[in-house]
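Below are the chains, spelled out letter by letter.
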Amino acid sequence: MLVLGLETSCDETGVALYDTERGLLAHRVYSQIAVHAEYGGVVPELASRDHVRKGLPLIREVMEEAGHTLQDLGGIAYTSGPGLVGALLVGACLGRSLAWSLGIPAVGVHHMEGHLLAPMLEDDVPEFPFIALLVSGGHTQLVKVEGIGEYELLGESLDDAAGEAFDKAAKMMGLPYPGGPALSKLADEGDAGRFSFPRPMTDRPGLDFSFSGLKTFTRTTILNCAVDGVLAEQDKKDIAAGFQTAVVDTLAIKCKRAMKQTGVNRLIIAGGVGANRMLREQLKVTAEQLKGRVYYPRPALCTDNGAMIAYAGAQRLNAGEVSDIAVSCVPRWPMTELKPLASGN
Amino acid sequence: MTESNPQTTGQIRLTGEDEMVSFAGRMSSILTGGGLVFLEGTLGAGKTTLSRGLIQALGHTGPVKSPTYTLVEEYDLPDGRVCHFDLYRLGDPEELEYMGIREYLTDGTLCLIEWPERGRGVLPEADLAIHIDDVGEARILNWQAETDKGAQWNRQLQQLVKEWQE
């Protein structure tokens, strides 16, 4: 079945074409970062309008690249939550109405389920069950995945998400928001041992995270180092390195604990922070210590994209799941409310 | 800070996260009947920690996640609804209209708003504006009542500060 996937939950417009026989045929992502940069943040209404503007041209591009026409489609998948409601509605309206006009089924997909299943788009596919670390600007979760739609939340951030902590620490150092990737770059040239950043919540049992304290520690360190309110370049690099190492260590310690606790030694990394090189390297070592393996999608499929929505939607459509004709979105939607894939079709 | 007037302003010094959470818990029994509370202070000052103390004392048992990414988190609690906003990522105050801000600011809802300066011009006047300053490990909370309701809260907060310091 040829499935068109639409992702519009936040500030990226993602469109992809996935075929259940041939795999991922084409995908395009339009990032709105430049649109929002002049405001220094995300502007939800602008995001919606930009999704409206980019949706159809991206669909045309993807179809053309794959050498298909809309008439070849067997189904359409769109992100129906969680996310910004205005942004979600654009993708849902577009996907649902296009499917209706073509007389094919459509299905709403959970954004985080898309991220969880993104590694399935690569050649090296992990077997169920596996442990997933979802790390992005909005989420930090450890999930046990028994199968499609069978998710057990093992732990999550009690306050800031890991990506949010990166962005905020970067902001404190005067990097433009969102500055997580810029902070990682600085960290490459820094001495991670100069400042002893804490490893929050690793000294007690459990799989929850807390990154808010690291933000406070960063602020105090900056205040102690700055001369007349200005940080020396080397201080910036050392603080960035200390911060990044603390976040990565904390994530790795909890992943190891989750794998030991469940006896599952396959680990997948998904979400925007999953593109962080140091995190990838460290989790590879962690998994190997447990005679396991780590799987991650290519960086372009770690951040928001339409391919993961097309894949997750194709699995659900293939099992006979269809969303009804009404356009609906769920801005807040716990992943544990998802149902296992219907057996057989 | 404007000149201090005991009718409309108050202050307390708190040391460490536990004290902040515990004081916020005591505040929760004062900030009743809904209203608008601004939480000001730089990144890492403790705005979300204060909110967590308040929301959990009002009966929420799960984590109080930072609303930075989602802009707002809602809690339906036994004594009424609490909406926890973080306008940090808001590009333009006008966006609040598109978010349906007026629907949140209804009677009986307690709205806690971090980074209210990003919503200036669209947000109405706060009942109580709390500013958090950090001084090493300690945090100093300065608040200012802007409405009659805020002034009433302030009187009770003054009493709480007295009890707290005894």
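Residues numbered from 1 in each chain as written. Chains lettered and ligands numbered in written order. Predicted model: local features only at pLDDT ≥ 70, side-chain atom pairs only at ≥ 80, totals over all residues. Heavy atoms only, no water.

### Description of the overall build of chain B
Then, number 1: If you tally the helices and strands in chain B, you get 5 helices and 7 strands.
Then, number 2: Along the chain direction, N to C, the helices and strands of chain B fall in the order β-α-β-α-β-β-α-α-β-β-β-α.
Then, number 3: Here the C-alpha radius of gyration of chain B, 15 Å, is about what a compact globule of 166 residues would show, namely 15 Å.
Then, number 4: Each principal axis of the C-alpha atoms in chain B carries an extent, and together these give about 45 × 35 × 30 Å.
Then, number 5: When contacts within chain B are restricted to residue pairs at least 6 apart in sequence, long-range pairs at least 24 apart make up 65% of them. (Helix = DSSP H or I, 4+ residues; strand = E, 2+ residues; numbered from the N terminus. Rg over C-alpha atoms; globule rule 2.2 N^0.38 Å. Contact = heavy atoms within 4.5 Å.)

### A word on the overall build of chain A
Then, number 1: Secondary structure assignment for chain A yields 11 helices and 10 strands.
Then, number 2: A compact globule built from 345 residues should have a C-alpha radius of gyration of about 20 Å, and chain A, at 21 Å, falls within 12% of that.
Then, number 3: Across chain A, contacts joining residues at least 24 apart in sequence account for 72% of those joining residues at least 6 apart.
Then, number 4: Total accessible area on chain A stands at roughly 13,700 Å², and carbon and sulfur atoms take up 52% of it.
Then, number 5: Considering chain A, the positive charge centre built from 32 side chains and the negative charge centre built from 41 side chains are found 3 Å apart. (Areas by Shrake-Rupley, 256 points an atom, 1.4 Å probe, with all protein chains shown as cover. Lys, Arg positive; Asp, Glu negative; His and termini not counted. Charge placed at Lys NZ, Arg CZ, Asp CG, Glu CD.)

### As for the layout of surface pockets
Then, number 1: When its volume is computed, the second largest pocket comes out at roughly 950 Å³.
Then, number 2: The wall of the second largest pocket is formed by 38 residues, among which S212, G213 and T216 of chain A together with E17 and T49 of chain B lie closest to the centre.
Then, number 3: Looking at the lining of the second largest pocket, the elements with two or more residues in it are α7 (212–225) of chain A together with α1 (16–27) and α2 (47–57) of chain B. (1 Å grid on protein atoms, 1.4 Å probe; cavity = no way out; pocket = protein on both sides within 12 Å on 5 of 7 lines; lining within 4 Å. Points joined across faces, edges and corners; volume = space filled by probe spheres on them.)

### A short note on helix α11 (residues 306–318) of chain A
An α-helix turns once per 3.6 residues; consequently, residues spaced three or four apart project the same way.
Residues and elements named next belong to chain A.
Then, number 1: The end-to-end C-alpha separation of α11 is 18 Å, in line with the 18 Å expected for 13 residues at 1.5 Å each.
Then, number 2: Counting buried positions over the 13 residues of α11 gives 12, a clear majority of the element.
Then, number 3: Taken together, the buried positions of α11 are G306, A307, M308, I309, A310, Y311, A312, G313, A314, Q315, R316 and L317.
Then, number 4: The backbone nitrogen of A307 lies 3.0 Å from a side-chain oxygen of the residue at the head of α11, namely N305.
Then, number 5: Downstream of α11 by one or two residues, G320 has phi in the positive range, about 90°. (Expected span 1.5 Å × (residues − 1). Buried < 20%, exposed > 50% of the residue type's maximum accessible area, 1.4 Å probe, protein only. Polar contact = N/O pair within 3.5 Å; in protein donor to acceptor, adjacent residues only side chain to side chain.)

### Observations regarding the interface of chain B and chain A
Then, number 1: Between chain B and chain A, the residue contacts involve 23 residues of the former and 26 residues of the latter.
Then, number 2: The largest share of the area that chain B buries against chain A comes from L43, Y69 and R89 of chain B, three residues that together contribute 27% of it.
Then, number 3: Salt-bridge contacts for K65 of chain B lead to E156 of chain A; the nearest nitrogen and oxygen are separated by 2.9 Å.
Then, number 4: Linking chain B with chain A are 7 residue pairs in polar contact (both at pLDDT 80 or more), by the criterion used here.
Then, number 5: Mapped onto the side of chain B that touches chain A, the elements with two or more residues apiece are β3 (72–77) and α3 (95–98) of chain B. (Buried area = accessible area lost by both parts, 1.4 Å probe. Salt bridge = Lys/Arg side-chain N within 4 Å of Asp/Glu carboxyl O.)

### Let's talk about the packing of aromatic side chains
Then, number 1: Throughout the structure, instances matching the rule amount to 9 aromatic pairs over all chains.
Then, number 2: An angle of 80° between the planes, with centres 5.3 Å apart, marks the rings of Y18 of chain A and Y311 of chain A as edge-to-face. Placement of Y18 of chain A in strand β2 (residues 12–19) and of Y311 of chain A in helix α11 is noted, with a sequence separation of 293 residues between them. The same class applies to Y18 of chain A and to Y311 of chain A, which are both buried.
Then, number 3: Considering the side-chain rings of F23 of chain B and W164 of chain B, the 5.2 Å spacing of their centres and the 85° angle between planes classify their relative orientation as edge-to-face. With F23 of chain B in helix α1 and W164 of chain B in helix α5 (residues 148–165), this residue pair connects regions lying 141 residues apart in the sequence.
Then, number 4: For F23 of chain B, a relative accessible area of 0% gives the class buried.
Then, number 5: Three or more aromatic residues joined by ring pairs make a cluster, and in this case those are F166, F197, F217 and F243 of chain A.
Then, number 6: One cation-aromatic arrangement involves K54 of chain A over Y30 of chain A; the distance from NZ or CZ to the ring centre is 4.6 Å.
Then, number 7: In this arrangement the basic side chain of R293 of chain A is found over the ring face of Y295 of chain A, its NZ or CZ atom lying 4.4 Å from the centre. (Phe/Tyr/Trp six-rings, centres within 6.5 Å; stacked < 30°, edge-to-face > 60°. Lys NZ or Arg CZ within 6 Å of the ring centre and 35° of its normal.)

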